Each structure stands twice: as C-alpha cells, then as structure tokens.
Amino acid sequence: MSFKKPTTLLRQANVALHKKLGLDEPVDKRPRHTDRMTILSPGVTIAYHKRKGEDYPTAQMKNACLAGARRAQAAVAKAANVLAGVSMLRQKESDILTRTLAAHFNLVEGDLANGTLSDNTKDKSFALSDMGKHDRRWVIEKIRKQMLHLSFHLNTGMYLIDIDPTNRKTAGGAVVDPTQADPNEEAYVIGHTSLKRGCGYRNGEIHINFDELKTYSPNSYARVIIHEACHKYLEADDHEVFDATDNDNHPAYAHQGIYASLPLLQRLTNADCIAWTAISLYAGAVKMATPAAYHPDWENS
Ligand SMILES: [Zn+2]
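What you see is a predicted model, and the numbers here were worked out from it, not measured in a lab.

What follows covers the sheet that holds strand E8 (residues 206–208). Paired through backbone hydrogen bonds, the strands of a sheet run either parallel or antiparallel to each other. The 6 strands lie next to each other as E1-E2-E3-E4-E8-E7, forming an open sheet whose pairing is mixed. Sheet topology places strand E1 (2–4) and strand E7 (187–188) at the edges, where each strand pairs with a single neighbour. Two strands pair when backbone bridges link them, and strand E3 (residues 44–48) and strand E4 (residues 158–162) are joined in this way by 4 bridges, in the parallel orientation. Across the sheet, the residue bridging to threonine 45 is tyrosine 159, located in E4. Taken strand by strand, helix H2 (residues 59–87) contacts strand E2 (36–41), E3, E4 and E8, and its axis lies near 55 degrees from that of E2.

Structure representation (structure tokens):
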C-alpha cells in the first residue's frame with residue numbers, strides 16, 4: 001500500500017488555503033525531500049521521493065529493503081536470545097559466541113581489557129560474590145541489553161527513509177546540493193550523539209540508500225540497518241581511535257585496522273561492534289569486513 005506522506009498533505013493543504021485567500025505561498029520552514037510512503041509489510045514502512053513517470057523505487061530496491069529489514073529484525077532477536085542463554089540461563093558459551101566476542105569486543109578469555117575487568121573466565125560457575133563484578137558475564141549482559149532494546153524497537157515496526165543522494169535537495173530541513181552528494185553513502189541518522197543533538201530534539205529517522213543497497217545480501221543490508229538503529233535507539237556512537245599512520249582520529253569501524261585497538265567500554269556503545277555481532281550470531285559465523293578482506297562480507301555477508 002502506497003500513500004502520500006502526511007507532512008506532504010499538510011503542506012499542500014496549507015498552500016491551497018493561502019491561494020484561496022489570495023495570500024502569498026507560505027514559506028516552507030522545513031522542506032522535505034520524500035513525499036510518499038509505502039508499507040512493504042505490516043512491520044516495515046518506507047518513505048521516498050516519487051519520480052514522475054518512473055517506477056521508483058524499483059521492485060529490486062523494495063525487495064532488497066524488505067529482506068534486509070526482516071533479517072535485521074530476526075538477527076537482533078536471535079542475538080538477544082543467544083546472549084540471554086549465557087547471562088541469564090547460565091548456559092555454556094557456544095563456539096560462535098566466543099569467537100564473535102573476541103572479534104567484535106576484543107573479549108579474549110583471561111585478558112582483563114587493561115584493568116576494565118576483574119575477571120575474564122569463560123563459563124564461570126555461579127557465585128554470589130561475583131554479583132556486581134565487572135567480569136565476562138557482565139560484558140555479555142551489557143551486550144544482551146543492547147540487543148533486546150534493538151529487538152524491541154525493530155520488531156515493533158521499522159520506518160526507513162530513502163537517502164536518494166543524487167536527487168535530494170533538502171536534508172534535515174536544510175538545503176543541500178545533490179551534485180556534492182556522495183552517491184555511495186549507505187545510511188545515516190541525523191543527530192545521533194548528545195554533542196550533535198539540539199536539546200529536546202529526538203534523533204532522526206534511519207535513512208538508507210535504496211539504490212546503493214539494492215544488491216546487498218539480507219545479512220549485509222541488515223548490518224547497515226542495525227548500525228543505524230544503534231545510533232537512533234541506543235545513542236551509540238562511531239567511537240574514534242587515534243591512528244598513528246596519519247596522526248589523526250578516525251571512527252573505529254570494523255573494516256579498519258584501528259578497530260582492534262578500541263577499548264572495551266567504548267565497544268559496548270560502538271555501533272559497528274553491536275551490528276556485526278548481531279549478524280555474526282545470526283549467521284553462525286564471524287562476519288566483518290576487514291582491511292585485508294573488505295569483500296564479500298561488506299555487501300554479501
Ligand atoms: Zn555510524
């Protein structure tokens with residue numbers, strides 16, 4: 001089902017009213033690029049700019065988006081369950097969980113993460129004296145809570161807005177130049193950190209480049225959605241790490257060498273750590289794009 005965006009209808013009604021009263025067209029204080037919405041399934045709605053005489057977004061774009069959205073819903077739910085098995089039901093860690101924690105949280109048995117942990121023993125038997133301690137289970141419980149939070153939001157209903165970068169003339173209510181846009185920008189959420197956010201404003205919606213991602217596998221598409229959902233719902237960041245090769249700070253994305261040096265506490269609120277963990281636990285294999293092997297996990301994990 002497709003329909004005109006409510007904000008577009010309101011704007012059109014306001015313009016028509018002014019016209020009828022013989023007044024000048026009112027200034028659009030918050031111009032928006034997208035004007036149409038489609039419900040792809042009961043839990044997934046998209047918004048986009050309708051192109052006259054064109055079939056846009058194409059069936060391929062919509063199919064990839066729906067498959068990615070459903071996979072994102074399934075992946076965070078599954079990951080939350082796997083983590084709950086260990087932190088709440090005291091089951092033994094599965095091999096895939098151990099390897100995922102090592103890859104994305106640098107959590108290696110026996111390593112105390114530069115003093116952040118007081119103990120890092122796998123499958124440690126329960127002891128009351130461990131309550132409140134920063135041990136391995138404490139880390140797993142922290143990640144579980146993030147996954148459950150994501151699962152609640154993503155499985156309640158997902159709203160994805162097309163970036164449409166080479167046609168978009170407005171973003172966040174401000175004018176932008178489509179000729180300066182990066183056609184390969186995958187996704188974004190406006191205002192996801194407390195620093196960038198104006199007081200009292202909620203985070204923006206998840207924007208996805210429908211065209212760029214139309215050939216992505218469901219797992220890779222889902223990884224992008226979950227990364228952005230971490231920004232939107234968890235206030236997670238893309239934490240920066242100092243890179244000695246160019247004497248500058250860079251976001252610690254999984255596909256960069258500096259990912260390995262991100263401290264544990266920052267990993268707990270780092271979008272890529274959480275997103276790749278969800279996909280890895282869903283897939284049953286450690287997934288991540290690395291400097292040495294960027295493909296195929298990036299777009300076809
Ligand atoms: Zn990010």
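Further notes follow.
As far as domains go, the protein chain holds domain 1 (1–30) and domain 2 (32–300). Taking the mean C-alpha position of each, domain 1 and domain 2 sit 36 Å from one another. Each partner contributes residues to the interface: domain 1 has 8 residues there, and domain 2 has 9 residues. Taken together, the elements giving at least two residues each to the side of domain 1 that touches domain 2 come down to E1 and helix H1 (6–20). Counting residues per element, the side of domain 1 that touches domain 2 draws most heavily on E1, which supplies 3 residues. A breakdown of the residues in the side of domain 1 that touches domain 2 according to their chemical character gives 2 nonpolar, 3 polar and 3 charged.

On to the packing of H2 against helix H4 (residues 136–156). Axis separation between H2 and H4 bottoms out at 8 Å; the angle between their running directions is 150 degrees. Considering the angle they form, H2 stands roughly antiparallel to H4. Like other packed secondary-structure pairs, H2 and H4 cross with a definite hand, here left-handed. Between H2 and H4, the residues in contact are Ala72, Gln73, Val76, Ala77, Ala79, Ala80, Leu83, Ala84, Val86 and Ser87 and Arg137, Ile140, Glu141, Ile143, Arg144, Met147, Leu148, Leu150, Ser151, Leu154 and Asn155, respectively. Partitioned by chemical class, the residues of the contact of H2 with H4 number 14 nonpolar, 4 polar and 3 charged.

The next thing to look at is the pairing of E2. As paired elements, E1 and E2 share 3 bridges and run antiparallel to each other. Counted as the bridge partner of lysine 4 is arginine 36 from E2. As defined by bridge partners, E2 adjoins E3 across 5 bridges and the pair is classed as antiparallel. Its bridge partner being in E3, methionine 37 is matched across the sheet by alanine 47. Following E2, the chain reverses through 2 residues before pairing antiparallel with E3.

Turning to H4, a few remarks are in order. Structurally, the α-helix is built with 3.6 residues per turn, so residues lying three or four positions apart point the same way. If you check H4, its first and last C-alpha atoms are 30 Å apart, about what 21 residues at 1.5 Å a residue would give, namely 30 Å. Taken residue by residue, H4 has Arg136, Arg137, Val139, Ile140, Ile143, Arg144, Gln146, Met147, Leu150, Ser151 and Leu154 as its buried positions. Lining the buried residues of H4 we find H2, helix H3 (95–105), E4, helix H5 (218–234) and helix H7 (271–283). Within two residues after H4, glycine 157 carries a phi angle of roughly 160 degrees, on the positive side.

Let us now look at the pairing of strand E9 (residues 240–243). Sheet faces and side chains relate simply in a regular strand, where the side chains alternate between the two faces. Where E9 meets strand E10 (residues 248–251), 4 bridges bridge the pair, whose relative direction is antiparallel. Paired with phenylalanine 242 across the bridge in E10 is asparagine 249. Two successive antiparallel strands, E9 and E10, enclose a turn made up of 4 residues, where asparagine 247 displays a positive phi of approximately 55 degrees.

Quick look at the nonpolar core now. Within the largest apolar cluster, 61 residues are counted, with the highest numbers of intra-cluster contacts made by Ala75, Val76, Ala79, Ile208, Ile225, Ile226 and Ala278. At the level of elements, E3, H2, H3, H4, E4, E8, H5 and H7 are the ones that each hand at least two residues to this core. Examining the composition of this core, we find that 12 residues originate from one element, H2, more than from any other. Excluding anything up to four places from it in sequence, alanine 79 contacts Met147, Thr277, Ala278, Leu281 and Tyr282.

With 17 residues, H5 extends 22 Å from end C-alpha to end C-alpha; this agrees with the ideal 24 Å at 1.5 Å per step. Of all 17 residues making up H5, 15 are buried, and the element is well covered by its neighbours. One or two steps after H5, the chain reaches glutamate 235, where phi turns positive at roughly 60 degrees.

Another point: unusual backbone geometry. Here the bond from tyrosine 56 into proline 57 is cis, since omega is -5 degrees, no more than 30 degrees from zero. Mapped onto the elements, proline 57 comes out in the loop between E3 and H2. Of the consecutive residues histidine 295 and proline 296, the connecting peptide bond is found in the cis state with omega at 0 degrees. By the element assignment, proline 296 lies in the loop between H7 and helix H8 (297–300). If you check the backbone angles, aspartate 164 has positive phi at about 45 degrees while not being a glycine. Assignment of secondary structure puts aspartate 164 in the loop between E4 and strand E5 (170–171). The exposure class of aspartate 164 is buried, given the 22 C-beta atoms found within 10 Å. Positive phi is not limited to glycine here, since asparagine 247 has a value of about 55 degrees. Following the sequence through the fold, asparagine 247 ends up in the loop between E9 and E10. Asparagine 247 gets classed as exposed once you count the C-beta atoms within 10 Å, which come to 7.

Cut-offs used in this document
Every residue gets a number counted from 1 within its own chain, in the order that chain's sequence is written. Thresholds applied to this predicted model are a pLDDT of at least 70 for local features of residues and 80 or more for the giving and counting of side-chain atom pairs; totals over whole chains, interfaces and linings are not thresholded and use all residues. Any two strands with at least two DSSP bridges between them are considered paired. Under the scheme used here, helices are H or I runs from DSSP no shorter than 4 residues and strands are E runs no shorter than 2 residues, and both carry numbers assigned from the N terminus. In this description, any two residues whose backbone-derived C-beta atoms lie within 7 Å of each other are considered to be in contact. A fitted line through C-alpha atoms serves as each axis, taken over the contacting stretch for helices, and the angle formed by two N-to-C directions is quoted from 0 to 180°. In this document the domain limits rely on a domain assignment from an automatic tool or a database. Under this grouping Gly is polar, as are all residues other than the nonpolar Ala, Val, Leu, Ile, Met, Phe, Trp, Tyr, Cys and Pro and the charged Asp, Glu, Lys and Arg. For classification purposes, an angle smaller than 35 degrees is called roughly parallel, one larger than 145 roughly antiparallel, one from 65 to 115 roughly perpendicular, and anything else oblique. By definition, any crossing whose near helix is turned counterclockwise from its far helix by less than a right angle is left-handed, and any crossing with a clockwise turn is right-handed. Here the expected length of a helix is defined as 1.5 Å per residue gap, with one fewer gap than residues. With C-beta atoms placed from the backbone, the exposure class of a residue follows from how many other C-beta atoms lie within 10 Å of its own: 20 or more, buried; 12 or fewer, exposed; in between, partly exposed. By convention the nonpolar core is taken to be a set of buried residues drawn from Ala, Val, Leu, Ile, Met, Phe, Trp, Tyr and Cys and joined through C-beta atoms within 7 Å.

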